[in-house]
Amino acid sequence: MELLTANHGLMRDINKLTVLTLIRQNGPISKAQIAQITGLNKTTITSCVEQLKQDLLIREIGFASTSQGRPPLMLQFNGKEGLVVGAALGVNFSDVIVANLEGDILCQNRIPLRAQSAELFIQDIGDAIAASMDSVAMPALGVVGIGIGCPGIVNTATGDIVRSNRYPLLPHVPLRRALEERFQRSVTVEENGNAALAGAYYFGKMSASSTSMYVHVGLGIGSGIMLQGSLYRGGLGFAPKLGHTLFAAGGKACGCGLSGCFEMYASEHSLAEHYWERDMRHEDSGDIWRLAGEIIELAVQGEAKALRSVLHIGEMLGMGIASSINLLNPDHIILGCRLNRVDSFMAVVEQSIARHVLPLRMEGLTLMPAPFGEHSVSLGAASLAIEHMFSGIKVG
Ligand SMILES: [Zn+2]
């Protein structure tokens with residue numbers, strides 16, 4: 001009997017989430033259209049709609065104009081009553097945004113991040129989130145969740161950063177637990193490539209039936225794969241690590257312990273090394289990040305040496321991405337990086353890919369810059385926090 005009650009409650013929650021998702025993705029939409037698409041009966045839809053209105057997640061926006069019959073009342077997602085926090089962790093800073101549930105960014109802050117110890121690291125991220133939340137007016141639903149996107153290996157079951165080349169002094173950071181204790185809200189922690197890819201689908205409304213690979217190029221290379229609407233995770237739940245696939249046998253030693261990794265040849269770290277013609281593996285990550293930014297800026301201005309280095313990285317990037325295309329045959333490759341500020345960069349990547357893929361693999365393939373630019377990871381992390389919140393909604 002208890003099982004039956006539990007199953008009944010579960011079905012109501014699933015129906016409510018189905019109706020909400022449909023309204024969010026396809027609104028304005030009428031109840032009749034929802035019935036047509038979902039196959040749910042009228043009583044169920046009316047019950048879900050009433051609950052969602054009480055939750056302030058949808059609103060009625062008036063009657064549609066129609067040439068015959070009774071005009072239907074149209075429903076729309078109401079994303080302005082709730083907020084979400086998204087943070088993208090960088091080398092020595094965190095970029096924090098506060099957005100409403102429709103993805104409109106209301107505030108953004110770049111705040112220094114000390115990665116000398118887990119305690120300082122957690123405190124700085126928490127302070128950055130608190131300051132960002134304090135800087136916006138709270139709507140009725142308040143902040144519904146917090147999403148963090150970060151470089152390295154994340155245990156998504158626990159929300160712990162297990163290891164990251166960007167934070168060599170931090171072997172293990174129980175980030176989710178610490179932030180949930182501080183803010184008493186649900187926190188989602190995800191690797192940056194996965195986070196950015198999730199955001200491109202959620203807020204960018206990419207087709208759930210498509211297969212995409214996200215390549216996030218910073219000092220290292222993060223990646224994510226979306227297979228027909230679901231983020232791909234391996235057996236232990238980890239995100240794909242394109243940056244640590246073998247690119248040069250017997251090549252440069254990587255911070256991960258392997259050698260010849262792709263990110264040692266096609267990242268902003270490699271850009272700085274190529275431009276300055278020296279091994280920078282033991283130099284400060286913050287300094288390399290700053291130098292890489294300066295090289296990109298010089299290349300944007302047309303300085304020949306900087307441009308040569310940027311386009312060299314584009315060539316290398318195309319080669320490594322081509323191997324993934326040969327493996328996955330995706331519909332989209334999404335590139336998130338500062339390098340595409342240089343006009344010819346994307347074209348060079350595309351030409352390099354074309355030279356290294358199997359026949360026919362370019363057909364139907366789209367190479368695109370990340371739709372949300374510098375906010376891709378933070379907005380993506382925010383989208384995962386929203387999805388987490390929606391997945392737990394209950395019918396009262
Ligand atoms: Zn590696």
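Just so we're clear, the structure is a prediction, and the values are computed from it rather than from any experiment.

### A closer look at the domain arrangement of the protein chain
Then comes step 1: Domain boundaries in the protein chain define domain 1 (2–77), domain 2 (82–195 + 377–391) and domain 3 (205–370).
Then comes step 2: One C-alpha centre belongs to domain 1, the other to domain 2; they are set 32 Å apart.
Then comes step 3: With seven residues of domain 1 at the contact, the number on the domain 2 side is six residues.
Then comes step 4: Looking at the side of domain 1 facing domain 2, the largest losses of area belong to Leu17, Leu57 and Phe77, adding up to 62% of the total buried there.
Then comes step 5: Summed over the shared surface of domain 1 and domain 2, the result is zero salt bridges.
Then comes step 6: Between domain 1 and domain 2 we count zero residue pairs in polar contact (both at pLDDT 80 or more) in total.
Then comes step 7: Of all the elements, helix 1 (residues 2–26) adds the most residues to the side of domain 1 that touches domain 2, at three residues.
Then comes step 8: Here the residues of the side of domain 1 that touches domain 2 sort into five nonpolar, no polar and two charged.

### Quick look at the packing of aromatic side chains
Then comes step 1: The full count for this structure, using the stated rule, is seven aromatic pairs.
Then comes step 2: Ring centres 5.6 Å apart and planes at 40 degrees place the aromatic pair Phe247 and Tyr265 in the tilted group. Of this pair, Phe247 sits in the loop between strand 13 (230–231) and helix 7 (268–276) while Tyr265 is found in the loop between strand 13 and helix 7, placing the two residues 18 residues apart along the sequence.
Then comes step 3: The class of Phe247 is partly exposed, set by a relative accessible area of 24%.
Then comes step 4: Every member of this aromatic cluster is reached through a ring pair, and the members are Phe247, Phe262 and Tyr265.

### A word on the coordination of the zinc ion
Then comes step 1: Donor atoms from the polypeptide that coordinate the zinc ion comprise His244 (ND1), Cys254 (SG), Cys256 (SG) and Cys261 (SG), at 2.0 to 2.4 Å from the metal.
Then comes step 2: What the four donor atoms of the zinc ion show is an angle range of 104 to 118 degrees at the metal, which sorts the shape as tetrahedral.
Then comes step 3: In primary-sequence terms, the residues that donate to the zinc ion follow H-x9-C-x1-C-x4-C. Taken together, the residues His244 in the loop between strand 13 and helix 7 and Cys261 in the loop between strand 13 and helix 7 connect sequence positions 17 residues apart.
Then comes step 4: Of the residues examined, His244 reaches a relative accessible area of 22% and is grouped as partly exposed.

### Topic: the packing of helix 4 (residues 118–134) against helix 5 (residues 175–183)
Then comes step 1: Two elements in contact, helix 4 and helix 5, have axes whose closest approach is 10 Å; the angle formed by their N-to-C orientations is 40 degrees. The angle between helix 4 and helix 5 falls in the class oblique. In terms of crossing hand, the pair formed by helix 4 and helix 5 is right-handed. In this structure, helix 4 uses Ile122, Gln123, Ile125, Gly126, Asp127, Ile129, Ala130 and Met133 to contact helix 5, whose residues at the interface are Leu175, Ala178, Leu179, Arg182 and Phe183.
Then comes step 2: Residue classes in the contact of helix 4 with helix 5 are distributed as nine nonpolar, two polar and two charged.

Cut-offs used in this document
- Residues numbered from 1 in each chain as written.
- Predicted model: local features only at pLDDT ≥ 70, side-chain atom pairs only at ≥ 80, totals over all residues.
- Heavy atoms only, no water.
- Domains from an automatic or database assignment.
- Contact = heavy atoms within 4.5 Å.
- Buried area = accessible area lost by both parts, 1.4 Å probe.
- Salt bridge = Lys/Arg side-chain N within 4 Å of Asp/Glu carboxyl O.
- Polar contact = N/O pair within 3.5 Å; in protein donor to acceptor, adjacent residues only side chain to side chain.
- Helix = DSSP H or I, 4+ residues; strand = E, 2+ residues; numbered from the N terminus.
- Nonpolar A, V, L, I, M, F, W, Y, C, P; charged D, E, K, R; others polar.
- Phe/Tyr/Trp six-rings, centres within 6.5 Å; stacked < 30°, edge-to-face > 60°.
- Buried < 20%, exposed > 50% of the residue type's maximum accessible area, 1.4 Å probe, protein only.
- Donors = N, O, S within 2.8 Å, 3.2 Å for Na, K, Ca; no water.
- Tetrahedral: all angles 85-135°; square planar, octahedral: opposite > 155°, others 65-115°.
- Axes fitted to C-alpha atoms, helices over the stretch in contact; angles between N-to-C directions.
- Parallel < 35°, antiparallel > 145°, perpendicular 65-115°, else oblique.
- Left-handed = near helix turned anticlockwise from the far one by under 90°.

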